[in-house]
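A look at the structure
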Amino acid sequence: MTEDEAWEAGRGIWKFNADRALAQDEVQIINTEGVVLAVATITGISKHHGRYALEGELRRGDARVGKPTTTPHRSRNSVAYF
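Worth saying up front: this structure is predicted, and the values here are computed from it rather than measured.

**Let's talk about the confidence of the model for the protein chain**
- Overall, the prediction assigns the protein chain a mean pLDDT of 89, with 88% of residues at 70 or greater.
- Per-element confidence in the protein chain ranges from a low mean pLDDT of 90 for strand β1 (residues 12-14) to a high of 96 for strand β4 (residues 51-58).

Encoded structure:
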């Protein structure tokens, strides 16, 4: 999966707390093993019938891509805030 594909798949459409998401500067899209697939700067949120999608600028080639995330979470929820 490319960074662009990971960003498109991971940015939404989800149920999440829009205010908490907007309080963050960036998002990491990670796989189930905790490896970073994409990193993006959050620029906004779009609403889709009670669910949301992150809007942002993908940081192609970010040094964290392909490495384990430094902020893992054990939640079964696919969205976490750090």
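Having put the structure on the table, let's press on.
**Some details on the sheet that holds strand β3 (residues 36-48)**
- Taken together, 4 strands build an open sheet; the order of strands is β1-β4-β3-β2 and the sheet is antiparallel. In this open sheet, the two edge strands, each paired with only one partner strand, are β1 and β2 (26-30). Taken over all neighbouring pairs, the strand axes of this sheet differ in orientation by 45 degrees on average, direction set aside.
- Direction of pairing for β1 relative to β4: antiparallel, over a ladder of 2 bridges. Residue W14 lies in a different strand from β4, and its bridge partner there is Y52.

**Observations concerning helix α1 (residues 3-10)**
- Three or more residues of α1 are buried, namely E3, A6 and W7. Buried residues of α1, seen end-on, are gathered within an arc of 100 degrees and therefore sit on one face of the element.

**Re the environment of S46**
- For S46, the position within the fold is in strand β3.
- C-alpha separation for the pair S46 and I13, spaced 33 residues apart in sequence, amounts to 9.0 Å.
- Look past the residues within four positions of S46 in its chain and what remains in contact with it is R51, Y52, A53 and E55.
- Within the structure, the side chain of S46 is placed 2.9 Å from the side chain of H48, a separation counted as a polar contact.
- A distance of 2.7 Å separates the side chain of S46 from the side chain of E55, its partner in a polar contact.

**A closer look at the packing of aromatic side chains**
- Taken as a whole and assessed by the stated rule, the structure comprises 1 aromatic pair.
- Ring centres of F16 and Y52 lie 5.6 Å apart, and the angle between their planes is 45 degrees; this geometry places the pair in the tilted category. Residue F16 is located in the loop between β1 and α2 (18-22), and its partner Y52 is located in strand β4; the two are separated by 36 residues in the primary sequence.

**Things to note about unusual backbone geometry**
- Cis geometry marks the peptide bond from G12 to I13; its omega dihedral reads 20 degrees.
- Within the secondary structure layout, I13 lies in strand β1.
- Backbone geometry places H49, a non-glycine residue, at a positive phi of 55 degrees.
- In this fold, H49 is placed in the loop between β3 and β4.

Rules used throughout
Residue indices follow the written sequence of each chain, beginning from 1 at its first position. A pLDDT threshold of at least 70 governs which residues receive local features in this predicted model, and a stricter bar of 80 or more applies before side-chain atom pairs are shown or counted, although totals over entire chains, interfaces and linings include all residues. For side-chain calculations, the full set of non-hydrogen atoms in the structure is used, while hydrogens and water are omitted. Per residue, pLDDT captures the predictor's confidence, and it can take any value from 0 to 100. Segments assigned H or I by DSSP are reported as helices when at least four residues long, segments assigned E as strands when at least two residues long, and all are numbered from the N terminus. Strands are treated as partners if at least two bridges between them are detected by DSSP. Throughout, an axis means a line fitted to C-alpha atoms (over the contacting stretch in the case of helices), and angles, computed between N-to-C directions, take values from 0 to 180 degrees. Accessibility here uses a 1.4 Å probe with only protein chains present; expressed as a share of the type maximum, an area under 20% marks a residue as buried, one over 50% as exposed, and anything in between as partly exposed. Comment: arc refers to directions from the helix axis out to C-beta atoms. Between two residues, a contact is recorded if the distance between any of their heavy atoms is within 4.5 Å. Polar contact criterion, stated in full: a pair of N or O atoms within 3.5 Å, where within protein one must be able to donate a hydrogen and the other to accept it, and residues adjacent in sequence count only if both atoms are side-chain atoms. Each Phe, Tyr or Trp ring (for Trp, its six-membered ring) is paired with any other whose centre lies within 6.5 Å, and the angle between the two planes then decides the class: stacked below 30 degrees, edge-to-face above 60, tilted in between.

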